[in-house]
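Report on the structure
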Amino acid sequence: MSSTSEIREQPAAANVERPDASDTQGSSWSLWTRQTLAILRLEIKKNFLSRRALLLYPIAAAPLVLLSLFALLHASMEEGADFNDLDIAYAAIYGGLILRTLVFFGCAWVFMNLFRGEVVDRSLHYYFLAPVRREVLVAGKYLSGLIATIVLFSITTIGSMLILYFGLYPTESSTFFFAGPGAGQLLSYVGVTCLACLGYGAVFLIVGLFFRNPIIPGLILYGWEWINFLLPPLLKKISVIHYLQSLVPVAMPEGPFAVLVEPTPAWISVPSLLLFTAVVLFLAGRHIRRMEISYAGD
């Protein structure tokens, strides 16, 4: 009897209006957005307040402390004596210490631990058991690392430049920043720092996913970035630092042994870094879909 009634009801059920495919897709995107934001909130706390974050603060604060000490030791210098050389001095500090070293290793520490840290802590399976697409997990974790590194290293960039200028030459620095090119240069350096976190973050996210011991690949990448000035033009472009150096407001001479190459214009450098990041995140999403958890040996 029940089967007969079900058969009779089928034509009526066929007349029921089905949801449009675009509505279903829109609801899916809405769900993925909410899940990404939820993961982002959880991971932000880890990146700022966990035990692993304790190493990140000394890395970000190192230039501020060193430049503050330098300014105190040279407080008796005559103002204006070498003010015109400060842009070159800061470009050297930013390129050699902040960009190539501190931002590099800070991003390595944050982004390699987004998944490797969960494996070491034996907690990644909690995410994998949740009803969340793994691509959404990658996006949420990457955004959390990106926000953490951009906030900390932007403070480093702004603070180090202001300390160097105002600590040595406060009068000339006021004119330079409020009535000259100083504010524009500062914003350019902050923009380069944000792009560095974007690019290096993508690199180290994929390193942390593909390598059980990411330290050796990280050191190889560090060496590759440092010898970039010696590489031929084609190989120079297979690095993040080449595009970042093309965007800094004050160019630094690379020495007598450097292979000279024209800087890549901003309209190519910025989209290239964005495209590179998108490709890496796509590959990370594809990889993590096939990833199986094994805590053995970790």
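In what follows, the structure referred to is the one given above.
First things first, this report covers the structure right here in the doc. (Residues numbered from 1 in each chain as written. Predicted model: local features only at pLDDT ≥ 70, side-chain atom pairs only at ≥ 80, totals over all residues. Heavy atoms only, no water.)

Topic: the overall build of the protein chain
Selection rule: Helix and strand labels come from DSSP, where a helix needs a run of H or I of at least four residues and a strand needs a run of E of at least two; each type is numbered from the N terminus. Relative accessible area decides the class of each residue, using a 1.4 Å probe on protein chains only: under 20% of the type maximum gives buried, over 50% gives exposed, and in between gives partly exposed. Any two residues whose heavy atoms approach within 4.5 Å at even a single point are treated as in contact. For every accessible area listed, the method is Shrake-Rupley and the probe measures 1.4 Å; residues are considered covered only by the protein chains on display.
In terms of helices and strands, the protein chain carries 12 helices and 0 strands. Out of the 298 residues in the protein chain, the part that is buried amounts to 40%. Long-range contacts, defined as pairs at least 24 residues apart, comprise 81% of the intrachain contacts of the protein chain with a sequence gap of at least 6. For the protein chain, the computed accessible surface area is about 16500 Å², with 68% contributed by carbon and sulfur atoms.

Observations regarding the pattern of salt bridges
Any two side chains of opposite charge can pair, so long as their charged atoms come close to each other. Note the threshold: Salt bridges are defined as contacts in which a side-chain nitrogen from Lys or Arg sits within 4 Å of a carboxyl oxygen from Asp or Glu.
Tallied over the full model, the rule gives 6 salt bridges. The structure contains a network of salt bridges with shared partners spanning Glu43, Lys46, Glu118 and Lys141.

Points about a nonpolar patch on the surface
Operational definition: Candidate patch residues must exceed 30% relative accessible area and have no salt bridge, after which like charges are joined if within 9 Å and Val, Leu, Ile, Met, Phe, Trp or Tyr side chains if within 5 Å.
Judged by side-chain polarity, Leu275, Val279, Phe282 and Leu283 come together as a nonpolar surface patch covering roughly 400 Å² of accessible area. Considering the arrangement of structural elements, one finds Leu283 in helix α12 (residues 266-289).

Points about the nonpolar core
Going by this rule: Among buried residues, the Ala, Val, Leu, Ile, Met, Phe, Trp, Tyr and Cys ones that are joined through side-chain atoms within 4.5 Å form a nonpolar core.
Counting 68 residues, the largest nonpolar core has Phe115, Tyr200 and Leu244 as its most contacted members. Every element with two or more residues in this core is listed here: α3 (56-73), α4 (86-120), α5 (124-129), α6 (134-168), α7 (170-178), α8 (182-210), α11 (240-245) and α12. It is α4 that contributes the most residues to this core, 17 residues altogether. Discounting residues that sit within four places of it in the chain, Phe115 has contacts with Leu124, Leu137, Val138, Lys141, Leu205, Leu209 and Ile288.

A closer look at the packing of α3 against α6
In plain terms, the rule: In this analysis an axis means a line fitted to C-alpha atoms, helices contributing only their contacting stretch, and an angle means the value between N-to-C directions, from 0 to 180 degrees. Throughout this description, any angle smaller than 35 degrees is read as roughly parallel, any larger than 145 degrees as roughly antiparallel, any in the 65 to 115 degree range as roughly perpendicular, and the remainder as oblique. Amino acids are sorted into nonpolar (Ala, Val, Leu, Ile, Met, Phe, Trp, Tyr, Cys and Pro), charged (Asp, Glu, Lys and Arg) and polar (every other residue, Gly among them).
Close contact between α3 and α6 brings their axes to 9 Å; oriented N to C, the two are set at 5 degrees. As the angle between them shows, α3 and α6 are arranged roughly parallel. For the pair α3 and α6, contact is made by Leu56, Tyr57, Ile59, Ala60, Pro63, Leu64, Leu67, Ser68, Phe70 and Ala71 and by Leu152, Phe153, Ile155, Thr156, Gly159, Ser160, Ile163, Leu164, Gly167 and Leu168, respectively. Across the contact of α3 with α6, the residue classes tally to 15 nonpolar, 5 polar and no charged.

Some details on the packing of aromatic side chains
Here is the rule: Two rings belonging to Phe, Tyr or Trp (six-membered ring only in the last case) form a pair when the distance between their centres is within 6.5 Å. Interplanar angles under 30 degrees mark stacking, angles over 60 mark edge-to-face geometry, and anything in between is tilted. Two thresholds decide whether a charge sits over a ring: the Lys NZ or Arg CZ must be within 6 Å of the ring centre and within 35 degrees of the ring normal.
Counted according to the given criterion, the structure contains 15 aromatic pairs. With 5.2 Å between their ring centres and 75 degrees between their planes, Trp29 and Trp32 make a pair best called edge-to-face. Of the two residues, Trp29 and Trp32 are both situated in helix α2 (residues 21-49); the distance of 3 residues between them amounts to about one turn of the helix. In this structure Trp32 comes out as partly exposed when scored by relative accessible area, which is 24%. Taking the centre distance of 5.2 Å and the plane angle of 75 degrees together, the rings of Phe104 and Tyr200 count as edge-to-face. Placement of the pair is Phe104 in helix α4 and Tyr200 in helix α8, with a sequence separation of 96 residues. Each member of the pair, Phe104 as well as Tyr200, carries the same accessibility label: buried. Through a chain of ring-to-ring contacts, the aromatic side chains of Phe104, Phe105, Tyr200, Phe204, Tyr222 and Trp226 assemble into a single cluster. Looking at Arg100, its charged tip hangs above the ring of Trp226, at a distance of 5.0 Å from the centre.

What to know about helix α9 (residues 215-226)
The α-helix winds at 3.6 residues per turn, so residues separated by three or four positions along the chain end up facing the same way. To keep it simple, the criterion reads: One less than the number of residues in a helix, times 1.5 Å, gives the span that helix is expected to have. Taking the helix axis as origin, the arc is that swept by the directions to the C-beta atoms.
Taking 1.5 Å as the rise per residue, α9 with 12 residues should run 16 Å; its terminal C-alpha atoms sit 17 Å apart, in good agreement. Every buried residue of α9 is listed here: Pro217, Gly218, Tyr222 and Glu225. Looking down the long axis of α9, one finds its buried residues gathered within 145 degrees of arc, a one-sided arrangement. Exposed residues on α9 whose side chains face more than 90 degrees from its buried face are Ile216, Leu219 and Ile220. Tucked inside the fold, the buried residues of α9 contact α4, α8 and α11.

Quick look at the packing of α4 against α8
Note the threshold: Helix crossings get a hand from a simple test, with the near helix turned counterclockwise from the far one by less than a right angle marking a left-handed crossing and a clockwise turn marking a right-handed one.
Two numbers describe how α4 lies on α8: the axes approach to 8 Å, and their chain directions differ by 30 degrees. Between α4 and α8, the interaxial angle falls into the category roughly parallel. Where α4 crosses over α8, the handedness of that crossing is right-handed. Taken together, the residues that form the contact of α4 with α8 break down as 21 nonpolar, 4 polar and 2 charged.

Here's the deal with the environment of Asp82
Tracing the backbone shows Asp82 in the loop between α3 and α4. It is 9.2 Å that separates the C-alpha atoms of Asp82 and Tyr169, two residues lying 87 residues apart in sequence.

Side note on α4
Rules: Consider a residue and the seven residues that end there alongside the seven that start there; fitting an axis to each set, the bend is the angle between those axes.
Between the first and last C-alpha of α4 there are merely 45 Å, a value that for 35 residues lags more than 12% behind the 51 Å anticipated at 1.5 Å per step. At Asn113, α4 is deflected by roughly 55 degrees, the largest bend along its length. Positioned one or two residues after α4, Arg122 has a phi angle of 55 degrees, which is positive.

Regarding the environment of Leu55
Assignment of secondary structure puts Leu55 in the loop between α2 and α3. Put simply, Leu55 and Gly106 are 51 residues apart on the chain and 8.7 Å apart in space, counted from C-alpha to C-alpha.

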